[in-house]
Amino acid sequence: MKRTRWLILLTLVVALAAIASGCGGEDGDEEPAAQDTGATDTGAEAVECSGTVGIMGPFTGDAASIGQEQLNWARFAVDTFNEENGTDFVLEEGDTQLDPAQASTVAPQFVSNSDIFGIVGPAGSQEIEAVGEIFGREGIAFVSPSATATDLTERFDTFFRVVPTDADQGPTDATYMAEELNAQKVLIIDDQTSYSTGLADSTAEALEEAGVTVERESVSQDQTDFSALVSGVAGDTDVVFLPWQIAANAQLFGNQMSEQGKDAVIFGSDGLFSPDDFSIAGSYVSSFAPDITGLDDPAVQELATAYEQEFGDFGTFGPPTFAATTVVMDAAYRACQDGEEPSREVVLENVGTTDFPESILGQPIAFDENGDIQDATFFIFQVAEDGSYELVQ
């Protein structure tokens with residue numbers, strides 16, 4: 001089977017997570033049972049465990065390319081976990097369209113579904129702000145695979161994420177612009193969302209500390225013509241930084257830059273990591289996750305191949321979703337191993353004690369006291385002539 005080596009790794013990860021969290025039982029219950037994967041039979045019996053994982057993401061709308069990748073990786077995670085552990089978890093989908101108002105509509109629906117023991121998502125920081133208090137009041141753990149606004153985990157007690165924050169992204173991007181691109185003047189254009197303005201502020205501060213001149217502009221996320229804005233880009237601007245979430249808008253902005261003969265380099269934040277929608281050659285994009293196809297881990301490579309055969313190509317938004325979904329399911333599974341129902345209260349506690357020594361992201365997964373992943377980092381890619389993304393840092 002294509003997933004065999006990954007499933008062996010997943011068995012080890014779940015087992016070690018249970019041991020590290022103090023949740024392993026006596027008489028061989030500390031390891032989940034191997035399910036025809038070639039793993040050594042430990043003598044442990046399979047534990048009946050069922051329930052629903054909610055997932056919130058932009059499955060339709062302008063950011064659907066990101067949302068569909070996240071949704072498919074969540075489906076893949078559920079299938080993989082069930083196959084390995086004999087569980088019967090199912091996925092409940094909630095389309096947010098990257099809209100806080102829509103997220104606020106989905107959240108109460110998930111709260112009212114008593115089968116949902118934990119939630120993956122939402123995708124955007126502005127959506128987290130919209131639903132954080134709703135889930136907090138109900139004591140529901142929600143783990144985002146892509147929301148990076150720095151203060152979210154400090155504001156919402158039941159929120160976790162498997163990606164680093166904009167406190168890391170802003171300085172990382174700024175350092176690369178100043179030191180690698182030798183930028184002397186950078187224009188930052190936010191899209192008026194909380195994600196965008198927060199990241200713009202973080203990046204601007206780091207650039208100014210590096211002695212770079214910073215100019216600021218702002219546009220609506222709904223804007224679809226940037227010609228007037230492009231015409232105002234000064235000739236001595238070295239880099240235009242776009243901390244946006246709609247990659248197609250950045251593509252349009254880049255095309256209009258070219259039409260007007262502007263030669264400043266575009267540098268996009270993690271929200272623009274979408275080769276299908278943004279392919280301006282010579283541009284740069286940062287990302288909160290690596291390209292897992294480049295990781296030196298045979299188990300991860302076989303997992304990537306299995307996913308591609310079922311769903312097709314993917315970028316960097318999918319693997320963190322796999323990780324977040326696995327975190328939520330593992331928390332429920334450990335409850336079942338302890339003879340408890342995977343209630344929202346127990347799942348929330350178990351998510352907080354997650355301790356994966358290995359993961360699909362090429363790093364351990366454990367959370368600090370606020371719910372942020374420990375020791376995470378941002379990556380930088382350059383867009384090649386053929387539109388592909390090449391890791392440069």
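Because the structure is predicted, anything quoted here is derived from the model rather than measured.

**Observations concerning the pairing of strand β1 (residues 50–57)**
Burial analysis of β1 places seven of its eight residues in the buried class, which makes it a mostly covered element. Where β1 lies against strand β2 (residues 88–95), eight bridges are found, and the strand directions are parallel. Note that in β2 the partner of Gly57 across the bridge is Asp95. You can see the chain leave β1, run along helix α2 (residues 64–85) and come back into β2, and the turn it takes is right-handed. Summarising the sheet, β1 and strand β3 (residues 116–120) pair through four bridges and their orientation is parallel. Its bridge partner lying in β3, Thr52 is registered against Ile116.

**A look at helix α11 (residues 318–337)**
For α11, built from 20 residues, the straight-helix expectation of 28 Å at 1.5 Å per residue is met to within 8% by its first-to-last C-alpha distance of 28 Å. Of all 20 residues making up α11, 20 are buried, and the element is well covered by its neighbours.

**What about the state of the cysteines?**
In protein structure, a disulfide is the covalent linkage between the sulfur atoms of two cysteines. In total, this model carries one disulfide according to the counting rule given. The disulfide bridge from Cys49 ends at Cys336, spanning 2.0 Å between sulfur atoms. Because the sign of the S-S torsion sets the handedness, a value of about 70° for the bond joining Cys49 and Cys336 places this disulfide among the right-handed ones. Of this pair, Cys49 sits in the loop between α1 (4–20) and β1 while Cys336 sits in helix α11, placing them 287 residues apart in sequence.

**Some points on α2**
Each α-helix winds once per 3.6 residues, and so residues spaced three or four apart point in a common direction. End to end, α2 covers 31 Å across 22 residues, agreeing with the expected 32 Å (1.5 Å per residue, within 8%). With respect to burial, α2 is a largely interior element, 17 of its 22 residues being buried.

**Notes on the sheet that holds strand β8 (residues 239–242)**
Taking strand neighbours across the sheet as the criterion, the seven strands line up as β7-β6-β8-β9-β10-β13-β14 in an open arrangement whose pairing is mixed. Taken across any chain shown, the strands that pair with only one partner, and hence form the sheet edges, are β7 (213–218) and β14 (389–391). Recorded for the sheet is a direction-independent mean angle of 25° between the axes of neighbouring strands. Note: strand β13 (residues 379–383) against β14, three bridges, orientation antiparallel. Bridged to Val383 within β14 is Tyr389. Across the sheet, helix α7 (residues 194–209) lies against β6 (185–190), β7 and β8, angled at about 165° from β6, the strand it touches most.

**Quick notes on the environment of Val53**
Locating Val53 in the fold gives a position in strand β1. For Val53 and Asp115, which are 62 residues apart along the polypeptide, the C-alpha to C-alpha distance reads 8.3 Å. Not counting chain neighbours up to four residues away, the residues in contact with Val53 comprise Val90, Leu91, Glu92, Phe117, Gly118, Val120, Val328 and Met329.

**Things to note about the packing of α2 against α11**
Running from amino to carboxyl end, α2 crosses α11 at an angle of 40°, the nearest separation of the two axes being 8 Å. Here α11 runs oblique to α2, going by the angle between their axes. In terms of crossing hand, the pair formed by α2 and α11 is right-handed. Residues Glu69, Gln70, Trp73, Ala74, Phe76, Ala77, Val78, Thr80, Phe81 and Asn85 of α2 pack against Gly318, Pro319, Thr321, Phe322, Thr325, Thr326, Met329, Asp330 and Tyr333 of α11. Taken together, the residues of the contact of α2 with α11 sort by class into 10 nonpolar, seven polar and two charged.

**Some remarks on a negative patch on the surface**
Residues Asp338, Glu340, Glu345 and Glu349 make up a contiguous surface patch of negative charge. Here Glu340 lies in the loop between α11 and α12 (344–352).

**A closer look at the pairing of β13**
Most of β13 is tucked away, with four of its five residues classed as buried. Sheet analysis places strand β10 (residues 284–287) next to β13, joined by four bridges and oriented antiparallel. Paired with Ser286 across the strands is Ile380, a residue of β13. Between β13 and β14, which follow one another and run antiparallel, lie five residues, and Gly387 among them has a positive phi close to 90°.

**A short note on the confidence of the model for the chain**
Low pLDDT means the predicted coordinates in that region are not meant to be read closely. When pLDDT is averaged across the chain, the result is 90; 89% of the residues are at 70 or more. In the model, residues 1–8 has pLDDT below 50 throughout and makes 27 contacts with residues more than four positions away in sequence or in other chains. With pLDDT under 50 throughout, residues 11–44 is counted as low confidence; its partners more than four residues away or in other chains account for 59 contacts.

Calculation criteria
Residues numbered from 1 in each chain as written. Predicted model: local features only at pLDDT ≥ 70, side-chain atom pairs only at ≥ 80, totals over all residues. Heavy atoms only, no water. Buried < 20%, exposed > 50% of the residue type's maximum accessible area, 1.4 Å probe, protein only. Helix = DSSP H or I, 4+ residues; strand = E, 2+ residues; numbered from the N terminus. Pairing = 2+ DSSP bridges. Right-handed = clockwise from strand over helix to strand, strands pointing away. Expected span 1.5 Å × (residues − 1). Disulfide = S-S within 2.5 Å. Axes fitted to C-alpha atoms, helices over the stretch in contact; angles between N-to-C directions. Contact = heavy atoms within 4.5 Å. Parallel < 35°, antiparallel > 145°, perpendicular 65-115°, else oblique. Left-handed = near helix turned anticlockwise from the far one by under 90°. Nonpolar A, V, L, I, M, F, W, Y, C, P; charged D, E, K, R; others polar. Patch = residues over 30% accessible without salt bridge, like charges linked within 9 Å, V, L, I, M, F, W, Y side chains within 5 Å. Areas by Shrake-Rupley, 256 points an atom, 1.4 Å probe, with all protein chains shown as cover. Salt bridge = Lys/Arg side-chain N within 4 Å of Asp/Glu carboxyl O. Lys, Arg positive; Asp, Glu negative; His and termini not counted. Charge placed at Lys NZ, Arg CZ, Asp CG, Glu CD. pLDDT = per-residue confidence, 0-100.

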